Amino acid sequence: MSPYFSEISSWFWNPDVWLPSNVTWVSFDELEVAKDTFESSGTFAKFSDLWYPIPFALLVMLLRWVVERVVYRPFGVWLGMKDHKRHFPVHNEVLENSFRKLNVPSRREVDLLSAQSGLSTMQVEIWFRKRRQADLPNTLQKFCETGWRFTFYAGILCYGFACLWHKPWFWDIDNCWKNYPNHKVDDDIWVYYMLELSFYWSLSISQFFDVKRKDFWGMFIHHNATIALMMFSWTTHFIRIGTLVLIVHDCADPLLELAKLFRYARYKKTCDAVFFVFSIVWVVTRCGVYPAWILYSTLFDAVNFFSMFPAYYIFNGLLCTLQLLHIVWTYLLYKVIQKALSKGNIDDMRSDSEPSEDENDNKKDR
């Protein structure tokens, strides 16, 4: 490595920024630290560990492919969902190029495209309508994607509780700060973090190939912000409090995906019941447990165990920003429920994607 890059690396990884006073990166070298100073089990977190989730994400995507096609696609077909292919209009290079830029052309653009393609304006409008319909996902596609997310969220929630149930900081949050930053990472916690990171990396990648959603960029930012926060907590050895943040956020996710599964299967009453439970769990965990238990501890308890340092303030800033997002999302959830109750129907208020090709098929609720 050239002296220039070594200088940049030394500046970026300045321990005065990332670690408490009197602690350096060398302090975590297990060969140089007395055994009785730290816990005997596990290993110290290393930034190089964060490279593992990137190739692991490809394995997660492969597992997703298997689960969707072996489990949820046959299940969806059994429930009566249609497994039909998209029907594209006759290929027209001029119209296709225009469609990629704007899929709903104005009247003036239709006239211009008519002149360029040699088709009548009506033929151009029909071509664009068929092309838009070809891009619409069918319910079976959405059912499979949602089924995979439900499977992962439910699995990682169970694994998270299994990992944390016997950890001292799960029952006494002060253990997140005692003897910080000299916390080794047990193998099960290492796997827990890597699985979560791998999943969100896979979502960031597969999002460009999945069913196109109205909130595409919002979810893209969410996935990458989650990755950044997890990587930051790993690097600064805030892993214990990080696991608590993960488990609290994982509680509501499976219920939302389960409600969507029932919606696509046309079990409306069951969908509404699950969504109601999801709303309660969301409010309790993200507007109750998270601020009262986790955020309070990071803001007021941690200062009693170690001296403050820049990365601590950055970490707290990210956690506080997360709570602000919780408040915004809870308000939006409240508006959804309020609007749904006024209509007596919340069937079309929970979809996370564009209307499906067969959204209006099989309207009978079960």
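The rules we used
- Residues numbered from 1 in each chain as written.
- Predicted model: local features only at pLDDT ≥ 70, side-chain atom pairs only at ≥ 80, totals over all residues.
- Heavy atoms only, no water.
- Helix = DSSP H or I, 4+ residues; strand = E, 2+ residues; numbered from the N terminus.
- Buried < 20%, exposed > 50% of the residue type's maximum accessible area, 1.4 Å probe, protein only.
- Contact = heavy atoms within 4.5 Å.
- Axes fitted to C-alpha atoms, helices over the stretch in contact; angles between N-to-C directions.
- Parallel < 35°, antiparallel > 145°, perpendicular 65-115°, else oblique.
- Nonpolar A, V, L, I, M, F, W, Y, C, P; charged D, E, K, R; others polar.
- Phe/Tyr/Trp six-rings, centres within 6.5 Å; stacked < 30°, edge-to-face > 60°.
- Salt bridge = Lys/Arg side-chain N within 4 Å of Asp/Glu carboxyl O.
- Left-handed = near helix turned anticlockwise from the far one by under 90°.
- Expected span 1.5 Å × (residues − 1).
- Patch = residues over 30% accessible without salt bridge, like charges linked within 9 Å, V, L, I, M, F, W, Y side chains within 5 Å.
- Areas by Shrake-Rupley, 256 points an atom, 1.4 Å probe, with all protein chains shown as cover.
- Lys, Arg positive; Asp, Glu negative; His and termini not counted.

A.B. asks: Let's hear about the overall build of the protein chain: which residues, and what values?
C.D. replies: Helix and strand content of the protein chain: 14 helices and zero strands. Taken across its 366 residues, the protein chain has 44% of its residues classed as buried. A sequence separation of at least 24 residues applies to 81% of the contacts in the protein chain between residues at least 6 apart.

A.B. asks: Lay out the packing of helix α4 (residues 93–101) against helix α5 (residues 107–117) with the relevant residues and their values.
C.D. replies: For the pair α4 and α5, the least separation of the axes is 9 Å and the interaxial angle reads 150°. For the element pair α4 / α5, the angle class is roughly antiparallel. Contacts between α4 and α5 pair Val94, Leu95 and Ser98 from the former with Leu113, Gln116 and Ser117 from the latter. Its residues assigned to classes, the contact of α4 with α5 shows three nonpolar, three polar and no charged.

A.B. asks: Can you explain the packing of aromatic side chains? Please cite residues and give values.
C.D. replies: This structure, assessed with the given rule, holds 43 aromatic pairs. Here phenylalanine 238 and phenylalanine 306 contribute two aromatic rings whose centre-to-centre distance is 6.5 Å and whose plane-to-plane angle is 45°, an arrangement assigned as tilted. Residue phenylalanine 238 is found in the loop between α10 (216–235) and α11 (239–250), and its partner phenylalanine 306 is found in the loop between α13 (268–301) and α14 (310–343); the two are separated by 68 residues along the sequence. Comparing phenylalanine 238 with phenylalanine 306 shows no difference in burial state: the two are buried.

A.B. asks: Tell me what's going on with the pattern of salt bridges, and back it up with residues and numbers.
C.D. replies: Scanning the entire structure with this criterion turns up eleven salt bridges. Of the charged contacts in the structure, one is a salt bridge between aspartate 111 and arginine 107, with a shortest N-O distance of 3.9 Å. One end of the pair is aspartate 111 and the other is arginine 107, both in helix α5 and four residues apart, which spans about a single turn. The shortest N-O distance in the salt bridge between lysine 260 and glutamate 257 comes to 3.8 Å. Of this pair, lysine 260 and glutamate 257 both sit in helix α12 (residues 253–264), three residues apart, roughly one helical turn. Each member of the pair, lysine 260 as well as glutamate 257, is classed as buried. Put simply, Arg64, Glu68, Arg69 and Glu145 are held in one network by salt bridges that share partners.

A.B. asks: Pulling in residues and values, what's your account of the packing of helix α3 (residues 53–78) against helix α7 (residues 139–164)?
C.D. replies: The N-to-C vectors of α3 and α7 enclose an angle of 125°; their axes lie 8 Å apart at closest approach. In terms of their interaxial angle, α3 and α7 are classed as oblique. Helix-helix and strand crossings are classified by hand; for α3 and α7 the assignment is right-handed. Only Leu140, Phe143, Cys144, Glu145, Gly147, Trp148, Phe150 and Thr151 of α7 make contact with α3, whose side of the interface consists of Val60, Leu63, Arg64, Val67, Glu68, Tyr72, Arg73, Phe75, Gly76 and Val77.

A.B. asks: Describe unusual backbone geometry, listing the residues and the values that go with them.
C.D. replies: Between tyrosine 180 and proline 181 the backbone carries a cis peptide bond, its omega angle lying at 5°. For asparagine 22, which is not glycine, the phi dihedral falls at a positive 65°. In this structure, asparagine 22 sits in the loop between α2 (15–18) and α3. Its identity is not glycine, yet asparagine 179 carries a phi of approximately 65°, on the positive side. Within the secondary structure, asparagine 179 is located in the loop between α8 (168–171) and α9 (187–206).

A.B. asks: Tell me about α12, residues and numbers included.
C.D. replies: The end-to-end C-alpha distance of α12, which contains twelve residues, comes to 17 Å, matching closely the 16 Å that a straight helix rising 1.5 Å per residue would cover. For α12, the set of buried residues is Asp253, Pro254, Glu257, Ala259, Lys260, Leu261, Arg263 and Tyr264. Buried residues along α12 sit in contact with α3, α7, α9, α11 and α13. Just beyond α12, the residue with positive phi is arginine 266, at close to 70°.

A.B. asks: I'd like a description of the environment of glutamine 207, backed by residues and values.
C.D. replies: Along the chain, glutamine 207 falls in the loop between α9 and α10. Of the residues examined, glutamine 207 reaches a relative accessible area of 9% and is grouped as buried. Taking the C-alpha atoms as reference, glutamine 207 lies 8.8 Å from methionine 219; in sequence the two are twelve residues apart.

A.B. asks: With reference to specific residues and values, describe a nonpolar patch on the surface.
C.D. replies: Where nonpolar side chains cluster on the molecular surface, the patch consists of Tyr52, Phe56, Leu59, Leu62, Trp65, Val66, Val70 and Val71 and spans about 760 Å² of accessible area. Relative to the assigned elements, tyrosine 52 resides in the loop between α2 and α3. The exposure class of tyrosine 52 is partly exposed, given its relative accessible area of 40%.

A.B. asks: Please set out the side chain of aspartate 301 residue by residue, giving values where relevant.
C.D. replies: In this fold, aspartate 301 is placed in helix α13. Among buried Asp, Glu, Lys and Arg side chains, aspartate 301 stands out as unpaired, with lysine 178 the closest opposite charge at 11 Å. Sequence-distant contacts of aspartate 301, that is, excluding residues within four places in its chain, are made with Ile173, Asp174, Trp177 and Tyr296.

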